[in-house]
Amino acid sequence: MSDNRDIIVKNLSYTYPDGTPALKDVCFEITKGENVALVGQNGAGKSTLLLHLNGVIENNNGCITIVGKQLDKKNVPDIRKKVGVVFQDPDDQLFMSTVFDDVAFGPINMGFSEETVKERVKKSLQKVGLSGFEERCPHHLSFGEKKRISVATVLSMTPDILLLDEPTSNLDPGGRRNIIETLKTLDSTKIIASHDIESLLEICDNAILMDKGRVVATGRSEDILTDIELLNSHGLEAPSIVKMLGDDVIPLLRDNFDSSQIKRHEKTIKKAISKKRKKEIFCK
Ligand SMILES: Nc1ncnc2c1ncn2[C@@H]1O[C@H](COP(=O)(O)OP(=O)(O)O)[C@@H](O)[C@H]1O
Ligand SMILES: [Mg+2]
């Protein structure tokens, strides 16, 4: 029987060396090609969980299986070829003096020929919409450009699984839109940790909600991320568009909706609101 599960996490717990508990008995499974939203208030354990999935933090507890292989000390280098992490802060990801060298770093380490490396760098920069940036200095780029180059440094290794930690945080609307559109074109399995619920509703099929190191809810993102009470009870807030439209917001968001263009969608929004009001009146 073929197993289409890319990630299996069983009973994963973790306490930092200083005694801070960060993960408690975390269990979930993710199917190949799935886009998963990872949400939870600050300190919920999202980053700690992502860092476990490619062995940056060693799991001394529980069991992690990545594309059929159980993660252990010995196979971390192999797992890292399969799982790419985009850190929250691009300055943690970019350390070379040119964009080319940063994006080429992974493929060079994987032992590819010079020609293949060049091809991979070119393709990865194309995917993030920054062709021609090869000779630029990463540290002189705008924050949004740095974020996109960080994504390219991971894409150049063609990972099966992409883990993104707060990919849209601190971006201006244009930079945010760029990252969202890039992520939507990528076929790999993705886990996106973020507080930007609107973007998660646009990109992700499923969601995992964490609180104080535990997984407290999993399910379709249109159920979890539009459940205002559930979000509130775990220290999160639904975006106003969700408060206004409930799960009627999904078709809008998935149809390349951009909340700065509310005017263009006025008719659909009014219809959704009147439907909601009718429901409220007749259900009393
Ligand atoms: N390097 C560290 N040393 C000690 N505690 C840490 C470290 N990194 C994170 N923590 C703690 O672990 C918990 C989970 O943090 P984190 O995974 O960063 O949460 P999130 O990404 O959801 O904000 C928090 O209590 C945080 O203070
Ligand atoms: Mg974090």
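No experiment lies behind these values; they were computed from the predicted model shown.

Colleague: Kindly report on the site of ligand 1, identifying the contributing residues and their values.
Modeller: Neighbouring ligand 1 are the residues Tyr16, Asp18, Thr20, Ala22, Gly40, Asn42, Gly43, Ala44, Gly45, Lys46, Ser47 and Thr48. Classifying every residue of the shell around ligand 1 gives three nonpolar, seven polar and two charged.

Colleague: Give a detailed account of the packing of helix α5 (residues 143-155) against helix α6 (residues 173-185), specifying residues and quantitative values.
Modeller: Following both chains from N to C, one finds α5 and α6 inclined at 15°, their axes separated by 9 Å at the closest point. In terms of orientation, α5 lies roughly parallel with respect to α6. Crossing of α5 against α6: the hand is right-handed. Counting all contacts with α5, which are made through Gly144, Lys147, Arg148 and Val151, the residues of α6 involved are Gly175, Asn178, Ile179 and Thr182.

Colleague: So what's going on with the sheet that holds strand β6 (residues 83-86)? Residues and values would help.
Modeller: Taken in spatial order, the six strands make up an open sheet running β6-β7-β8-β3-β9-β10, and their pairing is mixed. Strands with a single pairing partner mark the edges of an open sheet, and in this sheet they are β6 and β10 (214-220). Between one strand axis and the next, the sheet turns by 15° as a mean value, whatever way the strands run. Pairing of strand β3 (residues 35-39) with strand β9 (residues 206-211) involves four bridges; the strand directions are parallel. From the neighbouring strand, Ala37 faces β9, where its bridge partner is Ala207. In this fold α5 packs onto β6 and β7 (161-165), with an angle of close to 170° to the strand it touches most, β6.

Rules behind the numbers
- Residues numbered from 1 in each chain as written.
- Chains lettered and ligands numbered in written order.
- Predicted model: local features only at pLDDT ≥ 70, side-chain atom pairs only at ≥ 80, totals over all residues.
- Near = placed C-beta within 6 Å.
- Nonpolar A, V, L, I, M, F, W, Y, C, P; charged D, E, K, R; others polar.
- Axes fitted to C-alpha atoms, helices over the stretch in contact; angles between N-to-C directions.
- Helix = DSSP H or I, 4+ residues; strand = E, 2+ residues; numbered from the N terminus.
- Parallel < 35°, antiparallel > 145°, perpendicular 65-115°, else oblique.
- Left-handed = near helix turned anticlockwise from the far one by under 90°.
- Contact = placed C-beta atoms within 7 Å.
- Pairing = 2+ DSSP bridges.

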